[in-house]
Amino acid sequence: MSDIPQSVVYYSRPMKPRGQTKQKQTPTSEEDDPLFSNLDLFLFTLIIGLIVYWFMSRKKAEPIPEFKKMPMTRETSFIEKMKKTGRNIVVFYGSQTGTAEEFANRLSKDAQRYGMKGMAADPEEYDMCELSRLSEIDNSLAIFCMATYGEGDPTDNAQDFYDWLQEHDGELDGVNYTVFALGNKTYEHYNAMGVYVDKRLEELGAKRVFDLGMGDDDGNLEEDFVTWREQFWPAMCEHFGVEASGEDSSIRQYELKEHNDINMNKVYTGELGRLKSFDIQKPPFDSKNPFLAPVTVNRKLNKAGDRYLMHLELDITGSKMRYDSGDHVAVYPTNDTTIVTKLGQVLGVDLDTVISLNNLDEESNKKHPFPCPTTYRTALTHYLDIMHPPRTNVLYELAQYATDIKDQENMRKMASSSPEGKALYQSFVLEDHRNILAILEDIPSLRPPIDHLCELLPRLQARYYSIASSSKVHPNSIHVCAVLVEYTTRTGRLTKGVATNWLKNKVAGDNGHKSIVPMYIRKSQFRLPFKASNPVIMIGPGTGIAPFIGFVQERGWLKEQGKEVGETVLYFGCRHKNEDYLYQEELEEAEKKGVITQLNVAFSRDQEQKVYVQHLLRANKEDLWRQIHKDNAHIYICGDARNMARDVQTAFYEIIEELGGVTRAQATDYIKKLMTKGRYSQDVWS
Ligand SMILES: Cc1cc2nc3c(=O)[nH]c(=O)nc-3n(C[C@H](O)[C@H](O)[C@H](O)COP(=O)(O)OP(=O)(O)OC[C@H]3O[C@@H](n4cnc5c(N)ncnc54)[C@H](O)[C@@H]3O)c2cc1C
Ligand SMILES: NC(=O)c1ccc[n+]([C@@H]2O[C@H](COP(=O)([O-])OP(=O)(O)OC[C@H]3O[C@@H](n4cnc5c(N)ncnc54)[C@H](OP(=O)(O)O)[C@@H]3O)[C@@H](O)[C@H]2O)c1
Ligand SMILES: Cc1cc2nc3c(=O)[nH]c(=O)nc-3n(C[C@H](O)[C@H](O)[C@H](O)COP(=O)(O)O)c2cc1C
């Protein structure tokens with residue numbers, strides 16, 4: 001069943017009243033008139049003629065494309081592939097934004113150093129039922145790098161594998177495995193997916209050969225991974241009775257091909273999937289085929305203060321994309337061209353050289369690290385993450401190009417798991433927020449070949465924004481509410497958030513000049529209640545207001561349709577009333593119209609003591625308890641995951657404890673049950 005509230009779906013499709021044609025007929029006397037008049041005959045002939053013409057011309061105008069049946073070349077049996085290519089280690093990854101995939105690639109590459117052969121594998125691309133056959137390969141091992149999302153959910157590419165694990169019973173005798181979990185402690189279900197996979201594989205009879213690794217993205221995920229890996233490989237050597245080759249040399253995965261005489265129509269210019277997909281847009285639009293949405297509105301939201309908060313509207317007319325309140329819009333930003341140009345200058349290369357990076361492993365499903373052929377400029381602008389501090393493996397691989405031995409040593413040290421090395425990486429790279437350009441500027445002896453750098457940098461990821469509109473009111477546009485990221489690092493460098501700065505500079509277009517944003521819609525579970533008559537309590541300080549602008553629009557629309565709409569309570573928080581009270585006019589107008597039945601705003605810095613949304617929740621505890629306990633209210637929290645969401649949840653525990661007369665454990669259980677019933681939902685990020 002669709003997760004769209006049925007009441008909403010019903011109203012979105014107005015039905016044609018029955019018998020409409022009859023009503024439109026003018027009353028005539030059948031006896032007086034001939035059955036067909038000349039005009040009737042003429043019109044009849046004309047209509048038939050037009051229908052025939054339409055069919056003929058339609059056929060001519062839109063020839064049905066003939067697709068050649070391509071032979072199925074993709075191997076879905078990882079076991080056969082491993083056997084064919086002499087591999088004994090397979091590293092599966094459940095990854096949304098690429099980190100787990102990166103770790104899987106690193107582990108599979110590592111295997112070579114220990115005299116083994118590995119391959120990274122996307123569980124979505126292979127038949128995971130074959131896991132039970134892994135024992136057919138000598139000294140075999142399956143490693144799982146699993147990220148967690150949502151409420152302890154798998155990533156999209158691990159969903160089928162997760163379902164399979166749940167549905168099957170003991171089949172994995174003789175399968176060796178280990179798991180590295182990727183998560184973030186600020187989320188309630190910390191590393192839930194990694195923990196589940198680790199436990200479930202054991203239940204199914206597989207043998208855990210090394211302990212589960214727990215990676216925390218709120219702390220230092222890279223360090224967690226490196227530490228786990230440093231202990232993992234010696235343990236594997238012992239387990240399989242092999243010795244490390246000691247070879248620490250870098251192993252290239254891709255070879256460079258320069259194209260000196262290429263038809264530029266065959267060169268990727270930023271497309272993510274199909275070549276020329278930006279010139280000829282064809283639905284359906286998704287992560288591989290984003291829609292180029294014109295920006296129709298781009299305005300500053302805050303009235304004062306030194307920050308910049310913005311409201312954007314993206315036109316999706318003609319895209320056939322549909323969204324629901326609570327969904328996310330994913331946008332593909334491009335990197336700052338000045339940084340790209342500087343990288344070209346520092347490395348002394350012509351950024352407009354057309355190149356391909358071709359996988360040396362011909363068996364690999366991934367032929368290139370990014371769409372090829374392309375230019376270095378396009379790769380650095382559209383495809384590669386040049387702004388985040390590089391991971392230790394990048395430093396390790398690049399170290400060989402530092403002509404100063406001291407620099408080489410330091411770079412390798414940072415990639416090691418020694419306390420000294422970890423501290424150096426933490427300070428020089430993470431705390432100083434050095435991106436690759438800053439590293440090249442501050443280590444002048446380091447001048448790597450640009451193709452190797454392009455091979456090592458991770459892919460530039462789409463950024464998500466909670467949609468700040470309702471499709472009932474704005475079917476053809478998607479609204480975004482975002483705060484500009486900009487900060488100065490300890491080394492004095494002004495650093496700008498990639499997507500927010502790129503969005504800020506999008507000129508809202510008239511027809512002559514249209515700024516476009518490559519985007520697609522990501523469905524979420526953050527949904528208004530099925531019954532509009534249920535009360536909703538929305539808590540969204542700062543940019544956390546975004547989805548609630550959509551919710552309020554939708555409740556207003558439902559009210560206009562004559563639906564019974566329950567209480568609509570909003571808790572918003574900002575710094576100063578006169579500065580960053582986002583959407584003040586819209587919210588006050590909605591309150592005046594009775595769409596918002598209670599508007600609570602916490603101005604944190606307008607008085608000496610901080611006032612936050614949770615303070616207002618506590619002040620309204622009786623009302624809240626009634627709404628939740630008696631009236632089946634749905635609670636929604638959006639915004640900061642690190643502190644706000646947790647503090648708000650604590651406030652709810654306290655209210656339930658006090659007014660429900662229960663213990664903290666029972667209050668916790670109460671919220672858990674609300675979550676299970678979909679009555680306590682969070683859309684949070686950190
Ligand atoms: C599901 C979801 C929904 C979201 N919805 C919204 C939304 O509605 N509105 C919104 O504004 N954002 C939202 N975000 C966040 C958004 O996706 C981006 O992460 C954010 O806009 C920053 O992107 P950027 O490319 O500009 O910054 P990036 O280039 O990605 O830089 C961000 C990084 O810079 C660093 N950084 C940031 N500030 C500082 C600082 N002061 N000091 C040091 N380092 C710093 C941090 O490492 C941070 O990760 C959402 C995120 C998710 C996952
Ligand atoms: N990853 C990224 O790049 C990125 C980018 C942007 C935002 N974010 C996250 O998104 C969050 C929201 O950003 P924003 O700029 O929209 O919000 P904001 O304006 O900084 O904060 C909104 C309001 O929430 C208050 N607040 C602070 N701590 C709170 C807590 N523990 N509980 C309840 N309220 C609290 C703030 O008060 P005071 O400030 O006065 O304490 C302010 O009044 C940020 O905190 C950040 O975690 C992340
Ligand atoms: C929207 C969002 C939701 C998340 N939910 C969780 C969660 O419930 N539990 C958790 O441990 N980590 C959570 N995380 C953290 C990610 O799992 C972590 O950043 C991980 O490194 C991402 O790996 P990937 O890049 O391979 O997708 C979440 C991250 C985001 C952006």
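Counting restarts for each chain: residues are numbered from 1 in the order of the written sequence. For this description, chains carry letters from A and ligands carry numbers from 1, given in the order in which they are written. Where totals are concerned, whole chains, interfaces and linings use all residues; where local detail is concerned, this predicted model gives features only for residues with pLDDT of at least 70, and gives and counts side-chain atom pairs only at 80 or more. For the side-chain quantities, the full set of heavy atoms in the structure was used; hydrogens and water were omitted.

Peer 1: What should I look at first to understand the overall build of the chain in this one?
Peer 2: Secondary structure assignment for the chain yields 23 helices and 22 strands. Partly exposed residues are those whose accessible area sits between 20% and 50% of the maximum for their type, while under 20% is buried and over 50% is exposed, using a 1.4 Å probe and protein chains only. Taking all 686 residues of the chain together, the buried fraction comes to 49%. Computed with the Shrake-Rupley method and a 1.4 Å probe, the accessible areas treat only the protein chains shown as cover for residues. In the form shown here, the chain has an accessible surface area of approximately 34400 Å², with 50% of it arising from carbon and sulfur atoms. In this text, helices come from DSSP runs of H or I with a minimum length of four residues, and strands from runs of E with a minimum of two, each type numbered from the N-terminal end.

Peer 1: Whenever I open this one, the nonpolar core confuses me. Can you help?
Peer 2: Working definition of a nonpolar core: buried Ala, Val, Leu, Ile, Met, Phe, Trp, Tyr and Cys residues. They are joined through side-chain atoms within 4.5 Å. Counting 41 residues, the largest nonpolar core has Leu380, Ile386 and Met411 as the members making the most contacts within it. Elements with a contribution of two residues or more to this core: helix H9 (337-347), strand S11 (354-359), helix H10 (376-383), helix H11 (392-398), helix H12 (405-415), helix H13 (419-431), helix H14 (436-442) and helix H15 (450-456). One finds Ala158, Leu172, Tyr177 and Val179 within the second-largest nonpolar core, a separate group that totals 30 residues.

Peer 1: I tried to follow unusual backbone geometry on my own but got confused; where do I start?
Peer 2: Keep in mind that most residues, glycine aside, have a negative phi and that most peptide bonds are trans. Each neighbour pair has its own omega, and for Pro283 with Pro284 the value is 0°, a cis peptide bond. Positionally, Pro284 belongs in the loop between strand S7 (254-259) and strand S8 (291-300). Residue Pro373 is reached from Cys372 by a cis peptide bond, and omega for that bond is 0°. With respect to the secondary-structure elements, Pro373 resides in the loop between S11 and strand S12 (374-375). At Asn139, a residue that is not glycine, the phi angle is positive and equals roughly 50°. Within the chain, Tyr583 stands out as a residue other than glycine whose phi angle is a positive 55°. Mapped onto the elements of the fold, Tyr583 is located in the loop between helix H18 (577-580) and helix H19 (584-592).

Peer 1: Is there a simple way to explain the site of ligand 3 in this structure?
Peer 2: Any residue with a heavy atom positioned within 4 Å of a molecule or strand is treated as near that molecule or strand. Neighbouring ligand 3 are 20 residues; Ser95, Thr97, Thr99, Thr148 and Tyr149 lie closest to it. Residue His189 places a main-chain N or O atom 2.9 Å away from a nitrogen atom belonging to ligand 3. Burial of ligand 3 by the protein amounts to 86% of the accessible area it has alone, namely 640 Å². Elements with a minimum of two residues in the shell around ligand 3: helix H5 (99-110) and strand S4 (176-183). Looking at side-chain class alone, the shell around ligand 3 contains 7 nonpolar, 12 polar and 1 charged residues. N or O atoms within 3.5 Å of each other form a polar contact, as long as, within protein, one can give a hydrogen and the other can take it, and as long as residues adjacent in sequence are counted only when both atoms are side-chain atoms. Under the scheme applied, nonpolar residues are Ala, Val, Leu, Ile, Met, Phe, Trp, Tyr, Cys and Pro; charged residues are Asp, Glu, Lys and Arg; polar residues are all the others, including Gly.

Peer 1: Got a minute to help me understand the side chain of Asp683 in this structure?
Peer 2: In this fold, Asp683 is placed in strand S22 (residues 680-685). Working convention for charge: Lys and Arg count positive, Asp and Glu count negative, and His plus the chain ends are omitted. The rule for a salt bridge is simple: a side-chain nitrogen of Lys or Arg has to be within 4 Å of a carboxyl oxygen of Asp or Glu. Despite its burial, Asp683 pairs with no opposite charge; the closest candidate is Arg522, at 8.9 Å N-O. Of the polar contacts made by the side chain of Asp683, one reaches the side chain of Ser466; its length is 2.9 Å. We call two residues in contact whenever any of their non-hydrogen atoms come within 4.5 Å of each other. Ignoring anything within four residues of it in the chain, the contact list for Asp683 reads His328, Ser466, Phe526, Pro547, Ile637, Cys638 and Gly639.

Peer 1: Can you walk me through the pattern of salt bridges in this structure?
Peer 2: Pairs can form between side chains of opposite charge once their charged atoms are near each other. Inspection of the entire model under this criterion finds 45 salt bridges. Where Arg229 meets Asp110, a salt bridge forms, and the shortest distance between an N and an O atom there is 3.3 Å. Of this pair, Arg229 sits in helix H8 (residues 221-240) while Asp110 sits in helix H5, and the two are 119 residues apart along the sequence. For the residue pair Arg229 and Asp110, the accessibility class agrees, reading buried in each case. One salt-bridge network, held together by shared partners, links Glu431, Asp432, Arg434, Glu441, Asp442, Arg490 and Arg493.

Peer 1: For this particular structure, what's the right way to read the pairing of S4?
Peer 2: Consecutive side chains of a regular strand alternate in pointing toward one face of the sheet and then the other. Within S4, 8 of the 8 residues are buried, leaving the element largely enclosed by the surrounding structure. Burial of S4 is two-sided: the residues Asn176, Thr178, Phe180 and Leu182 facing one way and the residues Tyr177, Val179, Ala181 and Gly183 facing the other way are all buried. Here the rule is simple: two strands pair whenever DSSP picks up at least two bridges between them. Note that strand S3 (residues 141-147) and S4 share 6 bridges and pair parallel. Across the sheet, residue Ile143 finds its bridge partner in S4, namely Thr178.

Peer 1: Honestly, the packing of aromatic side chains in this entry has me stumped. Any pointers?
Peer 2: Aromatic rings considered in pairs are described by the distance between their centres and by the relative angle of their planes. Under the pairing criterion, centres of Phe, Tyr and Trp rings, with the six-membered ring standing for Trp, must be within 6.5 Å; the plane angle then separates stacked pairs below 30 degrees from edge-to-face pairs above 60, leaving the rest tilted. The final tally for this structure, using the stated rule, is 27 aromatic pairs. Ring geometry for Phe78 versus Phe92: centroids 5.0 Å apart, planes at 85°, classification edge-to-face. Remark: Phe92 occurs in strand S1 (residues 89-94) and Phe78 occurs in helix H4 (residues 78-85); sequence separation between them is 14 residues. Seen from their ring centres, Phe210 and Phe232 are 5.6 Å apart, and the 65° between their planes marks the pair as edge-to-face. Here the residue Phe210 occupies a position in the loop between strand S5 (207-208) and strand S6 (213-216), and Phe232 occupies one in helix H8, the gap between them amounting to 22 residues. On the accessibility criterion, Phe210 (15% relative accessible area) is buried. Grouping aromatic residues by their ring pairs yields a cluster made of Phe103, Tyr114, Phe180, Phe210, Phe225, Trp228, Phe232 and Trp233. In this arrangement the basic side chain of Lys504 is found over the ring face of Tyr308, its NZ or CZ atom lying 4.9 Å from the centre. For a Lys NZ or an Arg CZ to count as sitting over a ring, it must be within 6 Å of the ring centre and within 35 degrees of the ring normal.

Peer 1: I would appreciate a short explanation of the site of ligand 1 in the present structure.
Peer 2: The local shell around ligand 1 holds 19 residues, among which Arg463, Tyr464, Tyr465, Ala499 and Thr500 are the closest. Ala499 has a polar backbone atom sitting 2.7 Å from an oxygen atom of ligand 1. For ligand 1, whose accessible area on its own is 980 Å², the fraction buried by protein is 69%. Only strand S13 (463-466), strand S14 (477-483) and helix H16 (498-504) provide two or more residues apiece to the shell around ligand 1. At 4 residues, S13 tops the list of elements feeding residues into the shell around ligand 1. Among the residues making up the shell around ligand 1, the classes are represented as 11 nonpolar, 7 polar and 1 charged. For the purposes of this description, domain bounds are those given by an automatic or database domain assignment. Looking at which domains feed residues into the shell around ligand 1, each of domain 2 (284-333 + 462-524) and domain 4 (536-685) supplies at least three.

Peer 1: Got a minute to help me understand the sheet that holds strand S17 (residues 516-522) in this structure?
Peer 2: The strands that make up a sheet are held in pairs by hydrogen bonds between backbone atoms, and each pair lies either parallel or antiparallel. A sheet is described by the order of its strands in space; here 6 strands give the open sequence S13-S10-S17-S8-S9-S14, paired in antiparallel fashion. Strands with a single pairing partner mark the edges of an open sheet, and in this sheet they are S13 and S14. Averaged over all pairs of adjacent strands, the angle between their axes in this sheet comes to 40°, without regard to strand direction. The sheet contact formed by strand S10 (residues 328-331) and S17 spans 4 bridges and is antiparallel. In this analysis an axis means a line fitted to C-alpha atoms, helices contributing only their contacting stretch, and an angle means the value between N-to-C directions, from 0 to 180 degrees.

Peer 1: Sorry if this is basic, but what is going on with the confidence of the model for the chain here?
Peer 2: As a general rule, the predicted coordinates of low-pLDDT regions are not to be interpreted in detail. Summarising the model, the chain shows a mean pLDDT of 89, and 88% of its residues fall at 70 or more. pLDDT expresses how confident the predictor is about each individual residue, on a scale running from 0 to 100. Below a pLDDT of 50 lies the segment residues 1-36, which in the model reaches 23 contacts outside its immediate sequence neighbourhood of four places, other chains included. Across residues 55-72 the pLDDT falls below 50, and counting only partners more than four positions away or on other chains, this stretch makes 1 contact in the model.

Peer 1: Would you mind going over the sheet that holds S7 with me for this structure?
Peer 2: With antiparallel pairing, 3 strands are arranged side by side in an open sheet as S7-S11-S12. This sheet does not close on itself; its edge strands, each paired only once, are S7 and S12. Of the strand pairs in this sheet, S7 and S11 are connected by 6 bridges, and their pairing is antiparallel. Opposite Glu258, over in S11, you have Ile355 as the bridge partner.

Peer 1: In this structure, what is going on with the environment of Tyr308? I would like to understand it.
Peer 2: Locating Tyr308 in the fold gives a position in the loop between S8 and strand S9 (309-315). As for Tyr308 and Val483, which are separated by 175 residues in sequence, their C-alpha atoms are 6.0 Å apart. Leaving out residues up to four positions away in the same chain, Tyr308 has contacts with Arg299, Lys300, Asn302, Ala482, Val483, Leu484 and Lys504.

Peer 1: Please explain the state of the cysteines as it appears in this structure.
Peer 2: What is meant by a disulfide is a covalent connection between two cysteines, made through their sulfur atoms. Only a pair of cysteine sulfur atoms within 2.5 Å qualifies as a disulfide here. Inspection of the entire model under this criterion finds 0 disulfides. Of the cysteine sulfurs around Cys372, a residue in no disulfide, the closest is that of Cys454, at 9.2 Å. On the accessibility criterion, Cys372 (10% relative accessible area) is buried. With relative accessibility at 0%, the residue Cys454 sits in the buried group.

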